[in-house]
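# Structural description and commentary
Letter by letter, the chains look like this.
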Amino acid sequence: MKKQLKDKAINIAGYKFYKFEDILKEELKSESFRQAYNEELARLDITKQIKTLRAKKKLTQKELAKKANMPQSVIARLESGEHSISLGTLSRIAHAVGKKIQLV
């Protein structure tokens, strides 16, 4: 562990504790970590947008799934944030709510 991070450790009952922000700041110095971190943030943002749009359109997961021609379980897994989404699935969901995908 880097010295800068070691200096920020909090000792409690013989255990060292670190703030999440300090560890993240250190890890973001790695290009590969930063890229993976940013990809994960983008994936979670897409998941949040889908859930928000579905709620705004007053659709249940089942209704959205039917419009997108997929099982409701796909929508549930997607909205949980624990599963990734393919471009094809994202496209079907976007079409079902009258939206287009635009990559920038």
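Residues numbered from 1 in each chain as written. Predicted model: local features only at pLDDT ≥ 70, side-chain atom pairs only at ≥ 80, totals over all residues. Heavy atoms only, no water.

## Some thoughts on the packing of aromatic side chains
- Inspection of the entire model under this criterion finds one aromatic pair.
- Judged by centre distance (6.0 Å) and plane angle (15 degrees), the ring pair of Phe33 and Tyr37 falls under stacked. Placement of the pair is Phe33 and Tyr37 together in helix H3 (residues 31–56), with a separation of four residues, close to one helical turn.
- Relative accessible area serves as the criterion here: at 27%, Tyr37 is assigned to the partly exposed category. (Phe/Tyr/Trp six-rings, centres within 6.5 Å; stacked < 30°, edge-to-face > 60°. Helix = DSSP H or I, 4+ residues; strand = E, 2+ residues; numbered from the N terminus. Buried < 20%, exposed > 50% of the residue type's maximum accessible area, 1.4 Å probe, protein only.)

## Quick notes on the pattern of salt bridges
- Per the counting criterion, the structure on display carries five salt bridges.
- For the salt bridge of Lys29 with Glu26, the shortest nitrogen-to-oxygen distance reads 3.3 Å.
- A relative accessible area of 52% means that Lys29 is categorised as exposed.
- A relative accessible area of 14% means that Glu26 is categorised as buried.
- Note that Arg54 and Glu79 form a salt bridge whose closest N and O atoms lie 2.6 Å from each other. Of this pair, Arg54 sits in helix H3 while Glu79 sits in helix H5 (residues 72–80), and the two are 25 residues apart along the sequence. There is no split in this pair, since Arg54 and Glu79 are both buried. (Salt bridge = Lys/Arg side-chain N within 4 Å of Asp/Glu carboxyl O.)

## A closer look at the nonpolar core
- By size, the foremost hydrophobic cluster in this structure holds twelve residues: Ile50, Leu59, Leu64, Ala65, Ala68, Met70, Ile75, Leu78, Leu90, Ile93, Ala96 and Val97.
- Looking at this core, the elements that each hand over two or more residues are helix H4 (61–67), H5 and helix H6 (87–96).
- Ranked by the residues each element gives to this core, the list is headed by H6, at three residues.
- Beyond its immediate chain neighbours, meaning those up to four positions away, Met70 contacts Ala65, Ile75, Thr89, Arg92 and Ile93. (Core = buried A, V, L, I, M, F, W, Y, C linked by side-chain atoms within 4.5 Å. Contact = heavy atoms within 4.5 Å.)

## As for unusual backbone geometry
- Within the chain, Ala13 stands out as a residue other than glycine whose phi angle is a positive 50 degrees.
- With respect to the helices and strands, Ala13 occurs in the loop between strand E1 (10–12) and strand E2 (15–17).
- Backbone geometry places Asn69, a non-glycine residue, at a positive phi of 55 degrees.
- Along the chain, the position of Asn69 falls in the loop between H4 and H5.
- The exposure class of Asn69 is exposed, given its relative accessible area of 64%.

## Some points on H6
- Of the residues making up H6, those classed as buried are Thr89, Leu90, Ile93, Ala94 and Ala96. End-on view of H6: buried residues confined to an arc of 160 degrees, all on one side of the axis. Turned more than 90 degrees away from the buried face of H6 sit Leu87 and His95, all of them exposed.
- In the stretch just after H6, Gly98 is the one whose phi turns positive, near 75 degrees. (Arc of directions from axis to C-beta.)

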